[in-house]
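So the chains spell out like this:
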Amino acid sequence: MKSPFSRFFGPKEEPNPKDDPILADLPLMNEEAGDLLDQQAEMEALKAYKAAKEGNKGKTKTRGFLLRPNLVNQATKPKPVAPQPKWMVIDVVRYSFGKHDTLGKLYIDGKFVAYTLEDEKREEKLKHDTCIPPGKYKLSLRNVGGFHNRYKVDRRFKDFHIGMLWVREVPNFQYILIHVGNTDKDTSGCLLVGLEPDRRKESALEEKRMIVGSGAAYKKVYPKIANHLASGQPALIRYTEDINHVEGVDSLPAVGIDSLPVA
């Protein structure tokens, strides 16, 4: 009996359908008729064979037919690389230390944004009347507490407020925030921001000093930092001291990534 594929493959040896899973599923010859299938049935058989062969692409050839997966030629998928965190760095450079307060300048990613005022510097902490020690600290958003509850309804800030800017893990201090205020009476270790210091008393170290334009400065500082934190990216604040800090400095050198992690 001739193979239904003889007209396409010539006098090659006929595969045994029992030995080949693809041919085993193809239409068989009508043995009672003792002749080849008619041309239409033969074409249908060929189509079925091609479809079966097409469905086995990417598999290893065995006796002319594709049967088992080719593990050698499969490309190894690269492991996904976790994206690097985009650190934001806030610098507070303290340049003037008075009897009642401390003045500084605040930079975001090296660019000057606002002036700052804190409590005076002390060797030993006096509750509600001492600035935090120099160092670098993590920042996050604080969504509880009195400041948060007031700012979220304050007409000046409610449209963009999503939580207080919180300086974390400061030794011997809790709930150090960045907020508005003018003098040391408005802070208990927190960082006040303003457009500029009151120039009339800036150098009067024995007197109480103040910063002005606090609300306007806060609107410049807060959205930059809060939106960065809300996006899931980390931020760090560094407090340094430099009495020789030049008044006109509007930028700081870039900070290397390796120096950012907080102890």
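Residues numbered from 1 in each chain as written. Predicted model: local features only at pLDDT ≥ 70, side-chain atom pairs only at ≥ 80, totals over all residues. Heavy atoms only, no water.

A. Representation of the environment of Gly 104 in the model. Note that Gly 104 resides in strand β4 (residues 101–108). Exposure remark for Gly 104: the relative accessible area of 0% places this residue in the buried category. Considered as a pair, Gly 104 and Glu 118 are 14 residues apart in the sequence and their alpha carbons are 8.3 Å apart. Each residue touching Gly 104, except ones within four places of it in the same chain, is listed here: Val 93, Arg 94, Tyr 95, Tyr 115 and Thr 116. (Helix = DSSP H or I, 4+ residues; strand = E, 2+ residues; numbered from the N terminus. Buried < 20%, exposed > 50% of the residue type's maximum accessible area, 1.4 Å probe, protein only. Contact = heavy atoms within 4.5 Å.)

B. The arrangement of helix α5 (residues 214–230) in detail. An ideal rise of 1.5 Å per residue puts 24 Å on 17 residues; α5 measures up with 23 Å between its terminal C-alpha atoms. Maximal helix bending in α5 amounts to about 30°, located at Tyr 222; proline Pro 223 follows within four positions. Ser 214, Ala 217, Tyr 218, Val 221, Tyr 222, Ile 225, Ala 226, His 228 and Leu 229 are the residues of α5 that are buried. At the C-terminal side of α5, Gly 232 shows a positive phi close to 95°. (Expected span 1.5 Å × (residues − 1). Bend = angle between axes of the 7 residues up to and from the residue.)

C. Just unusual backbone geometry, in detail. We note that Glu 169 has phi near 55°; this positive angle belongs to a residue other than glycine. Given a relative accessible area of 53%, Glu 169 falls into the exposed group. Positive phi outside glycine occurs at Tyr 175, with the angle close to 55°.

D. Region of interest: the sheet that holds strand β3 (residues 88–97). Read once around its circumference, the closed barrel built from 8 strands follows the order β3-β4-β5-β9-β8-β7-β6-β12, with strand pairing classed as mixed. This sheet shows a mean twist of 30° between the axes of neighbouring strands, independent of strand direction. In this structure, strand β6 (residues 135–142) lies alongside strand β12 (residues 235–241), joined through 4 bridges in antiparallel fashion. In the strand pairing of β12, Gly 135 is matched with Tyr 239. (Pairing = 2+ DSSP bridges. Axes fitted to C-alpha atoms, helices over the stretch in contact; angles between N-to-C directions.)

E. Just the packing of aromatic side chains, in detail. Applying the stated criterion to the full structure yields 11 aromatic pairs. By way of ring pairs, the aromatic residues Phe 147, Tyr 151, Phe 157, Phe 160, Tyr 218 and Tyr 222 are connected into one cluster. Lying over the aromatic face of Phe 97, Lys 121 brings its terminal NZ or CZ to 5.6 Å of the ring centre. For the cation-ring pair, Arg 168 lies above Trp 166, with the distance from its terminal atom to the ring centre recorded as 3.9 Å. (Phe/Tyr/Trp six-rings, centres within 6.5 Å; stacked < 30°, edge-to-face > 60°. Lys NZ or Arg CZ within 6 Å of the ring centre and 35° of its normal.)

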